[in-house]
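Below are the chains, spelled out letter by letter.
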Amino acid sequence: MTSRGSGTAFSRKNYRLTTEPEKSKVTGIVNSRLLNDYLHRVFTTADGNQPAAAYRKHLTFQNLQEHLERLLAEENGSEDSRDQVAEGRLGPSTVVLDHTSGFEGLLLVDDDLLGVIGHSNFGSIRATTCVYKGKWIYEVLISSQGLMQIGWCTLNCRFNQEEGVGDTPDSYAYDGNRVRKWNVTTTNYGKSWAAGDIVSCLIDLDEGTIAFCLNGISLGTAFDNITRGAGMAYFPAISLSFKESVAFNFGSRPLRYPVEGYRPLQDPPVADLVKARKLLGYLKNVIHIGIDVTEGKLVEKDTSMWQLQGEPTVLITLAHIFNYFSPLMCKVYLVEDVLMTFLLSILERGGAVEAHPLIQQLLDLMWLLMEGKESKEVKEESAEERLRRRAYERGCQRLKKRIEVVEGLQVQILKLLLNNKDRGGGEASRYIFLNKFRKFLQENASNRGNLTVLCPPEYMVCFLHRLIAALRYFWDGHKAKNPAALSSEEAYVPPQLFYNGKVDYFDLQRLGGLLSHLKKTLKDDLAAKANILIDPAELQAVTMDDLDEDEESATSAAQSQRPSAALAIGGALARPAWLSSPTLGRANRFLSTAAVSLMNPRRPLGTLEKIKVLTLRVEQRTREDIEGTHGNEGLLLGRPPEEPDQPITENSLLEVLDGIVMMYNLSVHQQLGKMVGVSDDVNEYAMALKDTEEKISRCPKRRRDIHEELLKSQKVFSEKLNHLSRRLAWINVTIYSKEKMQDIYWLLRVCIRTIEHGDRTGSLFAFMPEFYLSVAMNSYSALKNYFSPVNSMEELPGYEETLMRLAAILAKHFADSRIVGTDIRDSLMQALASYVCYPHSLRAVERIPEEQRISMMKNLLAPYEQRPWAQTNWILVRLWRGCGFGYRYTRLPHLLKTKPEDASLPSLQKPCPSTLLQRHMADLLRSDRDLAPSFLNSVLNQLNWAFSEFIGMIQEIQQAAERLERNFVDSRQLKVCATCFDLSVSLLRVLEMTVTLAPEIFLDWNRPSSELLLRRLAQLLNQVLNRVTAERNLFDRVVNLRLPGLESVDHYPILVAVTGILVRLLVDSDVQGTERATAVLLADPCFQLRSIQYLLGHAEPSALAAAAPATDKRHFSLHTYTEYISTEELAKVEKMLNHLSEESKQAAATTLPTSEEDLCPICYAHPISAIFRPCSHKSCKACINQHLMNNKDCFFCKATITGVDDFTKPASS
């Protein structure tokens, strides 16, 4: 490993300090006299003086460690500071939040016990230390600026979900969200806080006052004459609502804004500070002092250009320093107070970090000399932990071996049940099993809401894997005897099983809708492609499931009148009534099936003869119905011409495979997802057990009652953890092992091949059950999310090809007209949206054939009306994310300080744009002159709707928030509001994508709809800008509330999206395009130059004058987002602002006053510029063009408009 950065490269070694004498002979070490002088110059005494050479101890690397320890021990006040107890304070020296008691409501406390997130209506928590005398201070970092009350409380304060800090006697709080102070009653106080602000909470128990500061600026005394005296001690405390979060600093790190005379609740680590500063001084000496080996003397060096050029003497000296310095850097206080202060002092000379190579050298040095210790600390485990881990691993291996024996026995049982050679006097075992298996699936499919009837999902998972093993055994055995057949690696279910009636799918949904509907609408296709005629009786019933067993006698009579249908392949006489008697029960149904098969012999038919098909019940089928005989194809009846005439395997095995796919869909996938939670439970109980053990170690000996309760908790947690650990080992072996992963992967490939074969049949693809597509998507999801990181999907054979074939299926069928089910279409759309969020799967989409890629993009660009457009828009946004203006972020800037609930969500993945698919989109929009206007008009319509809904909802939210009483806005309303905002931003990004890839759609006015689209776009952009950028407007107020559920609502995402569109139109276009865009933008009556100035933080003079008292008012500016917006992009915004300023001045100077008679009678904003034919009424072009999009009648006389001509007012005489 080499060091990071552009400085000197160091090899990673372990620089162990040793006293072996031979080490001094290392080549490159300077002579002993010069080394002694060097070490004494570096390691000076506390007073900075060096003793005379005659009185100095001779220093070498052998005795340097002893000398260094003696220097560090000098004037070290550690013993005094440890014994010193601060007067006026009670509690542990390390102050944290008391997460064990004293708080009400559900709260999430960080691991360091200093950060807290609200997880209930109004939860409260206090610190572990209280104060009763003196002046004290602590700081709170506001991570979200919603409803919170921060301050002080006593031990007697009792809080609940409605009353928090400040709502009870002897508790005092400041609320920067509503700008009020609280102590039972409330009054106005202070200023509004924002995320990133620091609130200082001060209490003076000598004077009896409480005050607060915001970012170091005093807000004045909030409370005086607070209760003091015997038994009165005050704890830092907070109450906060759902999703609000803060971080406390009681003194574990230097105060950001210290106040003279006030002490932090936690004392600084004085002894460690002394050591760290000494060591840093020695480090500075190393930087200042150089060794001139040729002259044999020490020299002063320029620190700004210091470099470590492979000098062993200097490197070993630094290793000694960092041997003591590295452990101290584990404390945050020392990092901020000592190290950061030193690094920042280097930057005080001016310039960027790159202009100071010393900083880069020092960081490389720390990487070299500190990483080894850090790695050792992280990975080191105790001997006991190592023994426990190894014992657990051995136990898992033993468990796996024993389970493999049981699994082998279960597979052998299934092999016996799947034996088709033991027919004897009746049916072979396989056909009995098939009928029972199908009935089992029917019961589980029909009773999914009745858990008492269902097979437990744990059994289903095990059954699935064993059945796959047994099936592949017989499949490959058949392949060995029949080389022309397919191996199990090529297995699939042929499409004729879905429509020939040989296999009953109960009431499960087909891709094309209900089976009865498909039989009616596609009967001609069945006859033409598969030589199949649907029995007329089936066209009368909705489905065969509607025929009750009690009506079988009637069915039998009806069939007796159609002997030809009864004798045809695929038809069978109904069972005699005596076999249908309920007294026989379900166990005797096999006997009835066998009896019917014996009474109804089959005959072969000619190959060209049309076959009349009647759907068979499970109990009615025989071996001949399944395997076929004497020209009868059995389950493969009705092979379409697209299906190859090649043997696959035994027909009965095809039905078993079909049942396995159905079984995975019924409950196996849900169980795989459910078992993932066991690992999370293990981690939670392990943390709880560790926390309890720490409490036991800290528990005072005099509190035996607490100690006993903690021991009971420890026992409960330990027992639960042992139970869950055993269960986790069992799950990893039986469910998430590599072998089980390969089974799921094999099932995924089976579904992909089945879908591909079914797709080739054209309209008959509609007969395929929906669960085949569901299993394809769900099994891929399971492989990606459930088995990792134990086993990686990328290691599976043919992974890349499988990924590409699944991508082709999603790309083709998400808009397939043959698929009518709303749920399955939504699932396909969501799967494709998730697919394009990850680089490896997006590249798979790019590898599908070009024709399919173009077809997919064309379907994505279809008009948004009458279809689920939000998911479509999301896909386009993901293809663009990473290319737009300021659109390279993974999470929004204002959300970086909060933890995401699940970092694996598709929306939180790093941007991975696809230039290939963007190019296809641009080509389609340019070449298809009808596609572009219809697509863009639908996007503009949806943007208008989404943003209008958003504005309407935040008006209601603001009205509710203005009430003084505490109230909570409906969380569903907040969620809908945030969704509308996110939709508005994503629609703006799609417009930015379109403007960037194909600007001529808006700027080439030779295209029929370009001018209208540009005017509509300008109108919407102006509306968005005006709503968002107005000073002290509705949007500002709601954003500042920082309500839970509205975290994504902020200025940045929506303003940079609008800016990206404007920059592309006004700066990056050619001269003619810029002129047209400028003219349209300035002509819009809603245009305000102030909105453009707002983007760069330029507030209008009137606003500045009004806001003069509030000097700390923060204004939005793109300049503050330099990590997300490049310098080039900012320069373009400046250029755009200058251009619009000049053009607006010229437009104002040349615009002549217009009389009311010459204004458009519709909008009264533009002069009349169009006249209608034939009625000769007039309006402006913008109004008539927008009106003609949806209506061809005149505004005024309702006559049909046949044409629109330009209108110019004739010059007056």
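Residues numbered from 1 in each chain as written. Predicted model: local features only at pLDDT ≥ 70, side-chain atom pairs only at ≥ 80, totals over all residues. Heavy atoms only, no water.

1. Concerning the packing of aromatic side chains
Thinking step 1. On inspection of all chains with the given rule, the structure shows 35 aromatic pairs.
Thinking step 2. Residues Y473 and F474 carry aromatic rings whose centres are separated by 5.2 Å and whose planes lie at 80° to one another, so their mutual orientation is edge-to-face.
Thinking step 3. Judged by relative accessible area, F474 falls into the buried class, the value being 15%.
Thinking step 4. Their ring planes at 10° and their centres at 6.0 Å tell us that Y1094 and F1116 sit as a pair that is stacked. One end of the pair, Y1094, is in helix 35 (residues 1089–1095); the other, F1116, is in the loop between helix 36 (1101–1106) and helix 37 (1127–1150), with 22 residues separating them in the sequence. Comparing Y1094 with F1116 shows no difference in burial state: the two are buried.
Thinking step 5. Members of the aromatic cluster, each reached through a chain of ring pairs, are Y1052, Y1094, F1116, Y1121 and Y1124.
Thinking step 6. In this structure, K135 is placed above the aromatic ring of Y262, and the distance from its NZ or CZ to the ring centre is 5.7 Å. (Phe/Tyr/Trp six-rings, centres within 6.5 Å; stacked < 30°, edge-to-face > 60°. Buried < 20%, exposed > 50% of the residue type's maximum accessible area, 1.4 Å probe, protein only. Helix = DSSP H or I, 4+ residues; strand = E, 2+ residues; numbered from the N terminus. Lys NZ or Arg CZ within 6 Å of the ring centre and 35° of its normal.)

2. Description of the sheet that holds strand 21 (residues 1170–1173)
Thinking step 1. Read across the sheet, three strands follow the order 22-21-23 without closing on themselves; strand pairing throughout is antiparallel. Each edge of the sheet is formed by a strand with only one pairing partner; in this case those strands are strand 22 (1178–1179) and strand 23 (1203–1206). (Pairing = 2+ DSSP bridges.)

3. Quick look at the nonpolar core
Thinking step 1. Membership of the largest hydrophobic core comes to 214 residues, with the highest contact counts inside it found for F950, L1118 and M1136.
Thinking step 2. Contact partners of M1136, with chain neighbours within four places excluded, come to L1062, V1063, L1066, V1067, I1092 and L1095.
Thinking step 3. If you look at the next biggest cluster of nonpolar residues, it comprises 48 residues, including L39, L72, F322 and V338. (Core = buried A, V, L, I, M, F, W, Y, C linked by side-chain atoms within 4.5 Å. Contact = heavy atoms within 4.5 Å.)

4. Side note on the environment of E1157
Thinking step 1. With respect to the element layout, E1157 can be found in the loop between helix 37 and strand 21.
Thinking step 2. Sequence separation between E1157 and I1168 is 11 residues, and the spatial gap between their C-alpha atoms is 9.1 Å.

5. Some thoughts on the packing of helix 29 (residues 971–997) against helix 33 (residues 1051–1066)
Thinking step 1. The interhelical angle for the contact between helix 29 and helix 33, taken along N-to-C directions, is 20°, at an axis separation of 9 Å. The angle between the axes of helix 29 and helix 33 places the two elements in the roughly parallel class. The way helix 29 lies across helix 33 gives a crossing that is left-handed. Here helix 29 contributes F981, V985, L988, R989, L991, E992, V995 and T996 to the contact with helix 33, which in turn contributes P1053, I1054, V1056, A1057, V1058, G1060, I1061, R1064 and L1065.
Thinking step 2. In terms of residue class, the contact of helix 29 with helix 33 is built from 12 nonpolar, two polar and three charged. (Axes fitted to C-alpha atoms, helices over the stretch in contact; angles between N-to-C directions. Parallel < 35°, antiparallel > 145°, perpendicular 65-115°, else oblique. Left-handed = near helix turned anticlockwise from the far one by under 90°. Nonpolar A, V, L, I, M, F, W, Y, C, P; charged D, E, K, R; others polar.)

6. Points about helix 33
Since the α-helix packs 3.6 residues into each turn, any two residues three or four apart lie on the same face.
Thinking step 1. Here helix 33 is 16 residues long and its end C-alpha atoms lie 22 Å apart, about the 22 Å a rise of 1.5 Å per residue gives.
Thinking step 2. Burial analysis of helix 33 places 16 of its 16 residues in the buried class, the great majority of the element.
Thinking step 3. One side-chain oxygen of the residue at the start of helix 33 lies 3.4 Å from the amide nitrogen of Y1052, identifying that residue as D1050. (Expected span 1.5 Å × (residues − 1). Polar contact = N/O pair within 3.5 Å; in protein donor to acceptor, adjacent residues only side chain to side chain.)

7. Overview of the pattern of salt bridges
Thinking step 1. In the structure shown here, the tally under the stated rule is 31 salt bridges.
Thinking step 2. Here K133 makes a salt bridge to E87, at a shortest N to O gap of 2.5 Å. A residue pair is termed long-range when its members are at least 10 positions apart, and K133 in the loop between strand 5 (130–131) and strand 6 (135–142) and E87 in the loop between helix 3 (78–83) and strand 1 (89–90) qualify at 46 residues.
Thinking step 3. Between D267 and R263 there is a salt bridge, with the nearest N and O atoms lying 2.8 Å from each other.
Thinking step 4. By relative accessible area, D267 is classed as partly exposed at 31%.
Thinking step 5. For R263, a relative accessible area of 36% gives the class partly exposed.
Thinking step 6. Each of D759, K812, D816 and R818 takes part in a single network of salt bridges with overlapping partners. (Salt bridge = Lys/Arg side-chain N within 4 Å of Asp/Glu carboxyl O.)

8. A word on helix 5 (residues 312–328)
Thinking step 1. With 17 residues, helix 5 should reach 24 Å at 1.5 Å per residue; the first-to-last C-alpha distance of 25 Å fits that figure.
Thinking step 2. For helix 5, the principal kink sits at F322 and spans about 35°.
Thinking step 3. Burial analysis of helix 5 places 13 of its 17 residues in the buried class, the great majority of the element. (Bend = angle between axes of the 7 residues up to and from the residue.)

9. Here's the deal with the confidence of the model for the protein chain
Thinking step 1. Of all residues in the protein chain, 80% have pLDDT values of 70 or greater, and the mean over the chain is 80.
Thinking step 2. Considering only residues more than four positions removed or in separate chains, one finds that residues 374–379, a stretch of pLDDT under 50, has one contact.
Thinking step 3. Low confidence marks residues 542–608, where pLDDT is under 50. Its contacts with residues over four positions away, or in another chain, come to 83 contacts. (pLDDT = per-residue confidence, 0-100.)

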